[in-house]
Amino acid sequence: MINEGNLSTLLPLLIFMGFMVAIGFWVRRQNAGKNFVQSYFIGNHDLGGFVLAMTTVATYSSVSSFVGGPGMAWQIGFGWVYMAVVQVTAIFLVLGIFGKRVAMLSRRFDAVTVVDIIRERFQSDGLAAMAAFIIVLFFCGTMTAQFVGGAKLFATVTGYSYEMGLLLFGLVVVLYTSIGGFRAVAITDTCCAIMMMVGIALLLYYVLEAGGGYAAIMENIHLNHPEMLEPLSGGHMPVGLYLTQWILVGICTIALPQSVVRGISYKDTKSLHKAMLIGTVVVGFMNIGVNFTGILAHGVLTGPLEGYGGVDYIIPKTIVAALPPALVGFAIIGPLAASISTISGLLIVASSAIVKDVYLHHAQKHGRTVTGCQLRRLSTAATAVIGVIVFCIALTPPSLIWLINMFAFGGLETAFFWTLLLGLFWRRANRLGAILSMGGGTIAYCLTQGLGFKFMGLHQITIGITVSLAFFLLGAYLGKPQEAKVLQVFFPESHDPDPKDWGMEKEPCPLGGGQKYLTK
């Protein structure tokens, strides 16, 4: 067991976090003199395939994927793995469906955020403000879950306090994100994704060794928990749960703003295709590997769940019990990297929603000039303030991290799924439909969550996404059609330009970002 406050366990994590901060300062120096909005929020459209894949995977794979998810797999069995495997398609779908579309549109009118694209498509500042508010609101919920999950893991494995873990990696992630912006997030996400894969491989090896091998562990499960081998897990994984979870963590994740914005940042089509393949392989290895390890942890933790403090503590206690003390410090870097990478990715999008989508747009609309220096200070301050607010909320930790994460996922998906999908691929989509869909669907989702109401026992995402679609169609057929000049930009009659010509059809916009049409 680890003694209270084991410094040797903490040291590898401190080195890793120091490296993350160094990357933030290095990126800031590299971006000196460049267009601040473009460099800080989307990395100057310059991400290659490998980095694009890794940053998308790292942002998508939160701490619940490494703590709450495997803990549920330990409790439920293979049914949880069968449910979670749908996530393997997430990166391929989000980049395949939205990647090239948002990349080409963003270069037509200098958009740097998902909200920029929504504002231009529907010509509505009110809808854009609503989208920005929803992003910040649900991102705070997701980030709280990441802070809590990371700090619980830190405290359980190192022996130091929960508050110290929260302070340590909270300060680090807020610092390097505030300093380096999107490019720092992308590079550190790549490092985090690599460490996640190393951590999973390390934990899987030692869990198998501690449990006496795969055959011995499976024999133990077969004798003591035979229901874990069934797809429905003895009633713990009903068909309805499969359906709603496939919607919640599979199909609808293609519209998560933190993932869609990655499509704005890549360099060329070759990078996109490379990222789709690499990302699918990596997320498949991580998702299946970590949940499978949660099941195999029965060979290490053989007592009842109550004795371990709940599902959120299964993986932390498995790390302590199975790994040699000298490797524990390295093993926790992977799960904590999942928390760090998700927080940083959400922070930069939340900051852009406040500074770029609300403040900068309002200032330019009223003819006020905002200098690059002012934007830098505001963006850094907004990122830091959001991080501090979430940090304070996490000081009183809620339980069941994966439930918090799923609630935030559902809210974002309800708000953005039909708005982005229909808005970018259906000419008839209009302003009224988008406003009704985003507002009405989100309210319906939150109300049913708050009241605990479910339709036929299904997760509330089914209500939210259905109400959202119904409102969109109602508005599309009753509301005023979108202006012809808007449709010409989003659905041009001629073929789109070759990727090498992206950005050549518009005038430069010094501050960036979707304030007006800039096509010739």
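Starting afresh in each chain, residues are numbered from 1 along the sequence in its written order. Restriction of local features to residues with pLDDT of at least 70 applies here, the model being predicted, together with a cutoff of 80 or more for giving and counting side-chain atom pairs; totals for whole chains, interfaces and linings are based on all residues. Note: side-chain values were computed over all heavy atoms of the structure, leaving out hydrogens and water.

**So, the overall build of the protein**
Reasoning step 1: A count of helical and extended segments in the protein gives 23 helices and 0 strands.
Reasoning step 2: By the burial criterion, 60% of the 520 residues in the protein qualify as buried.
Reasoning step 3: Counted over contacts in the protein with a minimum sequence separation of 6, partners at least 24 positions apart contribute 86%.
Reasoning step 4: Only the protein chains shown count as cover for residues, and all accessible areas are computed by the Shrake-Rupley method using a 1.4 Å probe. Of the roughly 19,500 Å² of accessible surface on the protein, a fraction of 68% belongs to carbon and sulfur atoms. Here a helix means four or more residues in a row that DSSP labels H or I, a strand means two or more in a row labelled E, and each is numbered from the N terminus. Under the scheme applied here, a residue whose accessible area is under 20% of the maximum for its type counts as buried, over 50% as exposed, and between as partly exposed, the area being computed with a 1.4 Å probe on protein chains only. Working rule for contacts: check all heavy atoms of both residues, and any pair within 4.5 Å makes them a contact.

**Here's the deal with a nonpolar patch on the surface**
Reasoning step 1: Side chains of I443, L447, L451, F453, F455 and M456 sit close together on the surface and give an oily, nonpolar patch of about 730 Å² of accessible area.
Reasoning step 2: For M456, the location among the structural elements is in the loop between α21 (431–451) and α22 (461–478). Like-charged residues within 9 Å of one another, or nonpolar side chains (Val, Leu, Ile, Met, Phe, Trp, Tyr) within 5 Å, are grouped into patches, provided each residue has over 30% relative accessible area and no salt bridge. Salt bridge, as applied in this entry: a Lys or Arg side-chain nitrogen positioned within 4 Å of an Asp or Glu carboxyl oxygen.

**Re helix α3 (residues 49–60)**
Reasoning step 1: Here the expected span of a helix is defined as 1.5 Å times the quantity of residues minus one. If you check α3, its first and last C-alpha atoms are 16 Å apart, about what 12 residues at 1.5 Å a residue would give, namely 16 Å.
Reasoning step 2: For α3, the full list of buried residues reads G49, L52, A53, M54, T55, T56, V57, A58, T59 and Y60.

**So, unusual backbone geometry**
Reasoning step 1: Although it is not a glycine, Q123 sits at a positive phi angle of roughly 50°.
Reasoning step 2: Inspection of the secondary structure assignment puts Q123 in the loop between α8 (114–122) and α9 (125–158).

**Thoughts on the confidence of the model for the protein**
Reasoning step 1: The predictor attaches a confidence to each residue, called pLDDT, with possible values from 0 through 100. Confidence in the prediction of the protein, expressed as mean pLDDT, is 81, and 89% of residues score 70 or more.
Reasoning step 2: The secondary structure element of the protein with the lowest average pLDDT is helix α2 (residues 36–42), at 58, and the one with the highest is α22, at 94.
Reasoning step 3: Predicted confidence for residues 494–520 stays below pLDDT 50, and this span has 66 contacts to residues more than four positions away or in other chains.

**Some words on the side chain of T142**
Reasoning step 1: Mapped onto the elements of the fold, T142 is located in helix α9.
Reasoning step 2: T142 sits in the buried class, given a relative accessible area of 2%.
Reasoning step 3: Sequence-distant contacts of T142, that is, excluding residues within four places in its chain, are made with T342, L346, N405 and A408.

**Overview of α9**
Reasoning step 1: For α9, which comprises 34 residues, the first-to-last C-alpha distance of 48 Å matches the rise-based estimate of 50 Å (1.5 Å per residue) to within 8%.
Reasoning step 2: The buried count for α9 comes to 25 of 34 residues, which makes it a mostly enclosed element.
Reasoning step 3: One side-chain oxygen of the residue at the start of α9 lies 3.5 Å from the amide nitrogen of G126, identifying that residue as S124.
Reasoning step 4: One or two residues past the end of α9 sits G159, with phi positive at roughly 90°. Polar contact is defined as a pair of N or O atoms within 3.5 Å, subject to the rule that within protein one atom must be able to donate a hydrogen and the other to accept it, and that residues adjacent in sequence are counted only when both atoms are side-chain atoms.

**Thoughts on the nonpolar core**
Reasoning step 1: Core analysis: the largest hydrophobic core is formed by 157 residues, its most contacted members being I118, I319, F416 and F490.
Reasoning step 2: With 20 residues, helix α10 (residues 162–210) is the largest single contributor of residues to this core.
Reasoning step 3: Ignoring sequence-local partners within four residues, the contact set of I319 consists of L153, V157, L203, V328, A331 and I332.
Reasoning step 4: Core analysis: the next-biggest nonpolar cluster, separate from the first, contains 6 residues, V355, L360, V370 and L375 among them. Only buried residues count toward a nonpolar core, which is a set of Ala, Val, Leu, Ile, Met, Phe, Trp, Tyr and Cys residues joined through side-chain atoms within 4.5 Å.

**Points about the state of the cysteines**
Reasoning step 1: Pairs of cysteine sulfur atoms within 2.5 Å are what we label disulfides. Under the criterion given, the structure shown has 0 disulfides.
Reasoning step 2: With no disulfide partner, C192 has as its closest neighbouring cysteine sulfur the one in C191, 6.9 Å distant.
Reasoning step 3: With relative accessibility at 0%, the residue C192 sits in the buried group.

**Things to note about the pattern of salt bridges**
Reasoning step 1: Inspection of every chain in the model, using the stated rule, returns 4 salt bridges.
Reasoning step 2: Close ionic contact of R119 with D116 constitutes a salt bridge, the shortest N to O distance being 3.5 Å. Highlighted residues: R119 and D116, both in helix α8, separated by 3 residues, approximately one helical turn.
Reasoning step 3: For D116, a relative accessible area of 0% gives the class buried.
Reasoning step 4: The network of salt bridges with shared partners includes D116, R119 and D125.

**A word on the environment of L166**
Reasoning step 1: With respect to the element layout, L166 can be found in helix α10.
Reasoning step 2: Look past the residues within four positions of L166 in its chain and what remains in contact with it is F147, A151, L171, F391, A394 and L395.

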